[in-house]
Amino acid sequence: MITLFKFPKIRREALLLSLLMLSMVSAVAVQSNERKALLIDHIDIHSKTSIIHLGSIDTFDITEAGKEASKFLLDALNNNNLEAATAASTVYDRIIPKENYGGEYTALQWFAWYLLAPPDKQQQMLSDKYHREFFNFWSENDFANLKEYLERKYKFKEFEDAQTFKGQERLAYLEDFILFNNPRREEWEKTSKMMEVLNLEPGMTIADIGSGPGYFTFKFSEAVGAKGKVLALDTVKTHVDFIKSVAEKYDFNNIEFVHLSNIDSIGIPPNQVDLAYMCSLYHIIYTVNSESVRQSYIASIRDALKPGGRFIVVDNAVVEDKTLPYHGLFIAKELIIAQLERYGFQLETQYQFIPQRYVLVFRKV
Ligand SMILES: C[S@@+](CC[C@H](N)C(=O)[O-])C[C@H]1O[C@@H](n2cnc3c(N)ncnc32)[C@H](O)[C@@H]1O
């Protein structure tokens, strides 16, 4: 005779509940083991190239040909010398394919073209409002900022503050500005292809973290429309001020400006943001920040995201020998992926439209 052991009803339910919980716990354990197995735990090294490179933070190498071209451009600006403008453009034609991919040369050549263009063509070059604002910044007061940049950068003139923090900060600011808001950035970066895969929708809230002078901020502002919002965050106040001045001029009412005075938090309250976007900044977060600052900074990004929100990181790739790197700073994407996976993000997809730059799409988990 088989005696079935009978649990009292209450015990039976408790047992069923325990079994259910046990199976859930083991399912979670299996899932998390599976997830662990999927996390990047090694990187294949294919060449002698470093997998992270900071170079000299944000300054380009000065080459002889680069200096020659900028000397011609300065002569063209100072003396209204169109032959010098032609000579500058000719040198840039020669060196752009070989030096400073994604650097300032294309922007400087654009100014040489402007000087050489007839008035109707000049107007056409400034028909895009962002190109016009870029031009206005450099050209006001008889091209004072552009001349100063060329003189500081290529050392055509002695600046008393050149060795001081203030002088270096000024040069870095001008250099950032010419690089990030370059009217020819699309040519090398294929920005429009990047924008297409971001899947932006009207009404979204986007945090543009490390916005610089707003190259992406303005594109985001147009994409999310009046019901959306863009938070432009940067540690450099002059960048944020520039975005503000353009936004006010053209009535962009959906941008909020955040000058970050400390670097351990993006300072946005929890669950506000659909998309946190960071272009060309993570290499700094990865390498320069202390462990504790990085922990809290990334945690603040994760907290600011709504449940299931995306964190998109664009950075500079390690390139094969014979391919020009972006202009110095780069980081193997595997390092970012591995780190962010351990900070509570999951890589969803990735894109690479040019060898020098990748787009990593993470989701908050
Ligand atoms: C290489 S720039 C990229 C600018 C912009 N995202 C673009 O692609 O045009 C990086 C920007 O990050 C800013 N930055 C540096 N550290 C930062 C931090 N901890 N938080 C926010 N912005 C930071 C710099 O001032 C600079 O404007």
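The preceding data block contains the structure.
Chains are numbered independently. Their residues run from 1 in the order of the written sequence. Confidence filtering applies because this is a predicted model: local features only for residues at pLDDT of at least 70, side-chain atom pairs given and counted only at 80 or more, and all residues used for totals across whole chains, interfaces and linings.

(A) Molecular detail of the environment of Arg 302. Position of Arg 302 among the secondary structure elements: in helix H13 (residues 291-304). Think of it as a crowd count around each C-beta: if 20 or more other C-beta atoms lie within 10 Å the residue is buried, if 12 or fewer it is exposed, and in between it is partly exposed, with C-beta placed from the backbone throughout. Overall, Arg 302 belongs to the partly exposed group, with 19 C-beta atoms counted inside 10 Å. C-alpha separation for the pair Arg 302 and Lys 364, spaced 62 residues apart in sequence, amounts to 6.6 Å. Two residues qualify as a contact pair if the distance between their C-beta atoms, derived from the backbone, is within 7 Å. The residues touching Arg 302, leaving out its near neighbours within four places in the chain, are Tyr 343, Gly 344 and Lys 364. A run of DSSP states H or I qualifies as a helix once it reaches four residues; a run of E qualifies as a strand once it reaches two. Both are numbered from the N-terminal end.

(B) Fine view of the packing of helix H6 (residues 129-153) against helix H7 (residues 165-180). An axis is simply a line fitted to the C-alpha atoms; with a helix, the fit covers only the stretch in contact. Between two such axes, the angle follows the N-to-C directions and lies from 0 to 180 degrees. Contact geometry for H6 and H7: axes closest at 10 Å, N-to-C directions at 115°. Considering their axes alone, H6 and H7 lie roughly perpendicular with respect to each other. As H6 runs across H7, the sense of the crossing is left-handed. Contacts between H6 and H7 involve Phe 137, Asn 145, Tyr 149, Arg 152 and Lys 153 on the former and, on the latter, Leu 171, Leu 174, Glu 175, Phe 177 and Ile 178. Throughout, the term roughly parallel applies to angles under 35 degrees, roughly antiparallel to angles over 145, roughly perpendicular to angles from 65 to 115, and oblique to all others. We call a crossing left-handed when the near helix sits turned anticlockwise from the far one by less than a right angle, and right-handed when that turn is clockwise.

(C) Broad picture of the pairing of strand E3 (residues 229-234). Most of E3 is tucked away, with six of its six residues classed as buried. Burial of the side chains of E3 extends over both faces: Lys 229, Leu 231 and Leu 233 are buried on one face and Val 230, Ala 232 and Asp 234 on the other. We treat two strands as partners when DSSP finds at least two bridges between them. For strand E2 (residues 205-209) and E3, the ladder comprises five bridges, and the chain directions are parallel. Its bridge partner lying in E3, Ile 206 is registered against Val 230. With the strands pointing away from the viewer, any crossover whose connection runs clockwise from the first strand over the helix to the second is right-handed. Once the chain exits E2 it traverses helix H10 (residues 215-224) before rejoining the sheet at E3, and the crossover so formed is right-handed. Relative to strand E4 (residues 255-259), E3 is paired through five bridges, and the arrangement is parallel.

(D) Here's a closer look at the site of the ligand. Close to the ligand lie 19 residues; Phe 180, Gly 210, Gly 212, Cys 279 and Ser 280 are nearest. Within the residue set of the shell around the ligand, elements represented by two or more residues are H7, H10 and E3. We call Asp, Glu, Lys and Arg charged. Ala, Val, Leu, Ile, Met, Phe, Trp, Tyr, Cys and Pro are nonpolar, and the rest, Gly among them, are polar. For the shell around the ligand, the class distribution of residues is eleven nonpolar, six polar and two charged. Near residues are defined by distance alone, with the backbone-placed C-beta atom required to lie within 6 Å of the molecule or strand.

(E) Up close: the sheet that holds strand E6 (residues 305-316). In space, the seven strands of this open sheet follow the order E4-E3-E2-E5-E6-E9-E8, with mixed pairing throughout. Of all the strands in the sheet, just E4 and strand E8 (345-354) have a single pairing partner and so form its edges. Within the sheet, the average angular offset between the axes of one strand and its neighbour, ignoring direction, is 15°. Here helix H11 (residues 237-249) sits on the sheet and contacts E3 and E4; the angle it forms with E4, its principal contact strand, is near 160°.

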